[in-house]
Amino acid sequence: MTPSTQQWWRTAVVYQVWPRSFQDSDGDGVGDLRGVLRRLDHLADLGVDVLWLSPVYPSGGVDAGYDLSDYRGVDPIFGTLADLDALIAGLHARGIRLMLDMVLNHTSDQHPWFAARREFYYWRDEPANDWQALFGGSAWQRDPARGQVYLHTFAPQQPDLDWEQPQVRAALFDVLRFWRDRGVDGFRFDVISMVGKDLAHGTPLGFGPTLHPHLAQLHREVLAGHDLMTVGEMPGVSVEQARLVSDPARAELDMVFGFEHVSLDRGATKWDHVPLRLSLLKQNLARWQQGLAEVGWNSLYWGNHDQPRAVSRFGNDGVHRVASATTLATVLHLHRGTPFVYQGEELGMPNPGFTALSDYRDVESLRHVAAGGTLAELARTSRDNARTPLRWEPAGGFTTGTPWIGSGHHPVPSAAEQRADPDSVFARYRALIALRHAEPAVVHGDFALLLPDEERLWAFTRTYGAVQLLVVANCSAEPLEPPMDQAGELLLGVPGTALGPWESRVIKRTHG
Ligand code: TEU
């Protein structure tokens, strides 16, 4: 495969900021844009190339910003448009790009369109199907005043926009051009797979027949001729669909967020837990590596603002917290694709261990309990697991006020301490990001999974020309001896052949 200089995002690492819990600057207990600006040294020190900023727009306040009431503004709780401009400038001064989160599948019911532009939404006399909303209950909500129902894939306060209406697409593409022309460098499209719905034959997560034409139009009207990075969040996406969407020749999006690898420990619903089998996890990632090897591109992630903390879920957040967070980072970042680091993951933050319903804030969690869900289910799976404040200094440093959500019971060494510690989780993330920037085999190398059925060892190679990288990782609390030859230059890890609990190693060899 030929490395492309134009597609800069192939060598990039993205850091996701979920602003509410990143850094507060004005003491109201809620993180804000000036807070993000204050912490840019942390991102620069880590070495990331792109900041993905979760929504800061005015919103109805139901789904933590994913229910927009104005596509072109900033919610006063986060600051002003001038603060966002200052953030763009501050990032660019450090060589970091900004990617905005665009929620185009639905708005808030507080958006002026909902009252003024009835035709923008799915109004029907009766429910057009039996779809269930992802946050529980019917996806159709009756408006007594209108005597009609409207479609909402998420909460009732998040009515879905009807992308089959050309004026809806025109209005949304206008929004994208507004931000593009303001200097942002990319977009993360929230549940973009859900646009182009087939109400008669489809399902809420099914891919509708007009999805690809809509994405192609979006590309023509917004992206073409501009050097932007795009990623589409696509629950339920198959690797075949991902290849279509991310095929540069088709000109749709650069990459997608798939969900298969974060569903392997779940049953019929996200609240049902099944024990994770390492073989299934690594085989799944390998299948995506294979499927997008020739055409398209992968995103790589363990966590985001919707998922429990990676170290608690895939690692071991007890005595092996540092080692397992380090090893999870190592295996993910050595895959081919664009890695996404979710805030706090670089510190090895675990789930907070909330025990009371009053600890929780997330609409999905509260609705789940109202519908009979348990605190144990929340403790494992709630999105609030990922939404607790970052600990910047030993004394905290997130806010001088009362934080909008608690920090939980498992504090980790602060960012300041980890940045000074060569053995911290942060230090391994920094090293992995530096390695990606320095070693073309990390970006471009062919991927081959070794010993796919092993339940404790995760081993694979990346081959690029004469260079081969070997990754060996012990994903268990017991020591193990990998059966393969580990001769070569040690790039990451400590020398040896045996692997201690959750220990990993990256080795480079060059063939003449
Ligand atoms: O998430 C969409 C999605 O499909 C899920 O990850 C969902 O959030 C949840 O986990 C269902 O159980 C996106 C956003 O990332 C999420 O924060 C929003 O709540 C949602 O869309 C609606 O905008």
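Residues numbered from 1 in each chain as written. Predicted model: local features only at pLDDT ≥ 70, side-chain atom pairs only at ≥ 80, totals over all residues. Heavy atoms only, no water.

K.L.:
What should I look at first to understand the overall build of the protein chain in this one?
P.N.:
Within the protein chain one finds 15 helices and 16 strands. Against the 2.2 N^0.38 benchmark of 24 Å for 512 residues, the protein chain shows a C-alpha radius of gyration of 22 Å, consistent with a compact globule. Expressed as a percentage of contacts within the protein chain between residues at least 6 apart in sequence, the contacts between residues at least 24 apart total 68%. Summed over its atoms, the accessible surface of the protein chain is roughly 18700 Å², and 53% of this surface lies on carbon and sulfur atoms. A distance of 2 Å separates the average location of the 46 positive side-chain charges in the protein chain from that of its 62 negative side-chain charges. (Helix = DSSP H or I, 4+ residues; strand = E, 2+ residues; numbered from the N terminus. Rg over C-alpha atoms; globule rule 2.2 N^0.38 Å. Contact = heavy atoms within 4.5 Å. Areas by Shrake-Rupley, 256 points an atom, 1.4 Å probe, with all protein chains shown as cover. Lys, Arg positive; Asp, Glu negative; His and termini not counted. Charge placed at Lys NZ, Arg CZ, Asp CG, Glu CD.)

K.L.:
How do you make sense of the site of the ligand when you look at a structure like this?
P.N.:
Surrounding the ligand, one finds 17 residues, the nearest of these being D63, D190, D306, E364 and R383. H106 is positioned with one of its side-chain polar atoms (N or O) 2.9 Å from an oxygen atom of the ligand. The side chain of D190 places a nitrogen or oxygen atom 2.8 Å from an oxygen atom of the ligand. Here the ligand has 490 Å² of accessible area as a free molecule, and 94% of this is covered by the chains. Looking at the shell around the ligand, its residues break down into six nonpolar, two polar and nine charged. (Near = heavy atom within 4 Å. Polar contact = N/O pair within 3.5 Å; in protein donor to acceptor, adjacent residues only side chain to side chain. Nonpolar A, V, L, I, M, F, W, Y, C, P; charged D, E, K, R; others polar.)

K.L.:
Before we go on, may I ask you to explain the packing of helix α7 (residues 239-246) against helix α8 (residues 278-291) in this structure?
P.N.:
Axes are the key here: two packed helices are described by the angle between their axes and the distance separating the axes. Running from amino to carboxyl end, α7 crosses α8 at an angle of 35°, the nearest separation of the two axes being 10 Å. When the axes of α7 and α8 are compared, the crossing they make is right-handed. Touching V239, A242 and R243 of α7 are R287, W288 and G291, all from α8. Split by residue class, the contact of α7 with α8 holds three nonpolar, one polar and two charged. (Axes fitted to C-alpha atoms, helices over the stretch in contact; angles between N-to-C directions. Left-handed = near helix turned anticlockwise from the far one by under 90°.)

K.L.:
I would appreciate a short explanation of helix α11 (residues 363-370) in the present structure.
P.N.:
A turn of α-helix holds 3.6 residues, and therefore any two residues three or four places apart point the same way. Of all the positions in α11, only V363, E364, S365 and H368 are classed as buried. Looking at the buried side of α11, the elements it contacts are α12 (375-381). Phi turns positive one or two residues past the end of α11, at G372, with a value near 110°. (Buried < 20%, exposed > 50% of the residue type's maximum accessible area, 1.4 Å probe, protein only.)

K.L.:
Hey, could you run me through the sheet that holds strand β5 (residues 140-143) in this one?
P.N.:
Backbone-to-backbone hydrogen bonds pair the strands of a sheet. The strands run either parallel or antiparallel. Read across the open sheet, the three strands follow the order β4-β6-β5; overall the sheet is antiparallel. In this open sheet, the two edge strands, each paired with only one partner strand, are β4 (123-124) and β5. As paired strands, β4 and strand β6 (residues 148-151) are joined by two bridges and run antiparallel to one another. Bridge assignment links W123 to a residue of β6, and that residue is Y150. (Pairing = 2+ DSSP bridges.)

K.L.:
Sorry if this is basic, but what is going on with the pattern of salt bridges here?
P.N.:
When the charged atoms of two side chains lie near each other, side chains of opposite charge can form a pair. Evaluated as defined, the whole model comprises 29 salt bridges. With its nearest N and O atoms 3.9 Å apart, the salt bridge here joins E221 to R177. Highlighted residues: E221 in helix α6 (residues 211-223) and R177 in helix α5 (residues 166-181), separated in sequence by 44 residues. Assessed through its relative accessible area of 33%, E221 is described here as partly exposed. Classification of R177 as partly exposed rests on a relative accessible area of 22%. One network of salt bridges, in which partners are shared, links D63, K270, D306, D362, E364, R383 and R387. (Salt bridge = Lys/Arg side-chain N within 4 Å of Asp/Glu carboxyl O.)

K.L.:
Honestly, the sheet that holds strand β16 (residues 504-510) in this entry has me stumped. Any pointers?
P.N.:
Strand order in the open sheet formed by five strands is β12-β13-β14-β16-β15, with antiparallel pairing between adjacent strands. For this open sheet the edge positions go to β12 (446-450) and β15 (489-492), each flanked by a neighbour on one side alone. If you compare each strand with its neighbour and ignore which way they point, the axes differ by 25° on average. Packed onto the sheet, helix α14 (residues 425-438) meets β15 and β16 and runs at close to 120° relative to β15.

K.L.:
I would appreciate a short explanation of a nonpolar patch on the surface in the present structure.
P.N.:
On the surface, L357, L366 and L375 cluster together into a nonpolar patch covering about 220 Å² of accessible area. If you trace the backbone, L366 turns up in helix α11. (Patch = residues over 30% accessible without salt bridge, like charges linked within 9 Å, V, L, I, M, F, W, Y side chains within 5 Å.)

K.L.:
Explanation requested: the pairing of β12 in the structure shown.
P.N.:
The side chains of a regular strand alternate, residue by residue, between the two faces of the sheet. Residues F447 and L449 point to one face of β12 and are all buried, whereas D446, A448 and L450, pointing to the other face, are not buried. The pairing of β12 with strand β13 (residues 457-464) spans five bridges and is classified as antiparallel. Bridging from a neighbouring strand, L450 pairs with A459 of β13. Taking the residues that link successive antiparallel strands as the turn, the β12-β13 hairpin has six residues, and the phi of L451 there is positive, at about 45°.

K.L.:
Got a minute to help me understand the packing of aromatic side chains in this structure?
P.N.:
The way to describe two aromatic rings as a pair is by their centre distance and the angle between their planes. Inspection of every chain in the model, using the stated rule, returns 23 aromatic pairs. The interplanar angle of 90° and the centroid separation of 5.1 Å between the aromatic rings of F22 and W392 together place this pair among those described as edge-to-face. Of this pair, F22 sits in the loop between β1 (14-17) and α1 (33-38) while W392 is found in the loop between α12 and α13 (415-419), placing the two residues 370 residues apart along the sequence. Classification of F22 as buried rests on a relative accessible area of 0%. Both rings, one in F257 and one in Y301, keep their centres 5.4 Å apart while their planes meet at 75°; by these two values the pair is edge-to-face. Of this pair, F257 sits in strand β9 (residues 255-257) while Y301 sits in strand β10 (residues 299-301), and the two are 44 residues apart along the sequence. In this pair, the class of F257 matches that of Y301, namely buried. In this structure an aromatic cluster arises from ring pairing among W52, F257, Y301 and F340. The ring centre of W404 lies 5.9 Å from the NZ or CZ of R20, which sits over that ring. Positioned over the ring face of W271 is K270, at 5.2 Å from the centre of the ring. (Phe/Tyr/Trp six-rings, centres within 6.5 Å; stacked < 30°, edge-to-face > 60°. Lys NZ or Arg CZ within 6 Å of the ring centre and 35° of its normal.)

K.L.:
Could you clarify how one ought to interpret the nonpolar core in this entry?
P.N.:
Grouped burial of nonpolar side chains is what soluble globular proteins tend to show. One finds L51, L53, M102, W163, F187, W302 and W458 to be the most contacted residues of the largest nonpolar core, which totals 133 residues. Of the residues forming this core, the biggest block, seven residues, is contributed by α5. Beyond its immediate stretch of four places on either side in the chain, L53 contacts V17, P19, L33, L84, L87, L98, M99, L100 and D101. (Core = buried A, V, L, I, M, F, W, Y, C linked by side-chain atoms within 4.5 Å.)

K.L.:
Which parts of the structure should I look at to understand unusual backbone geometry?
P.N.:
Generally, phi is negative for residues other than glycine and the peptide bonds are trans, each holding for most cases. In this model, A64 sits at a positive phi of 50°, which is unusual for a non-glycine residue. Inspection of the secondary structure assignment puts A64 in the loop between β2 (50-53) and α3 (81-93). Even without glycine at this site, A251 takes up a positive phi of about 55°. On the secondary structure map, A251 appears in the loop between α7 and β9.

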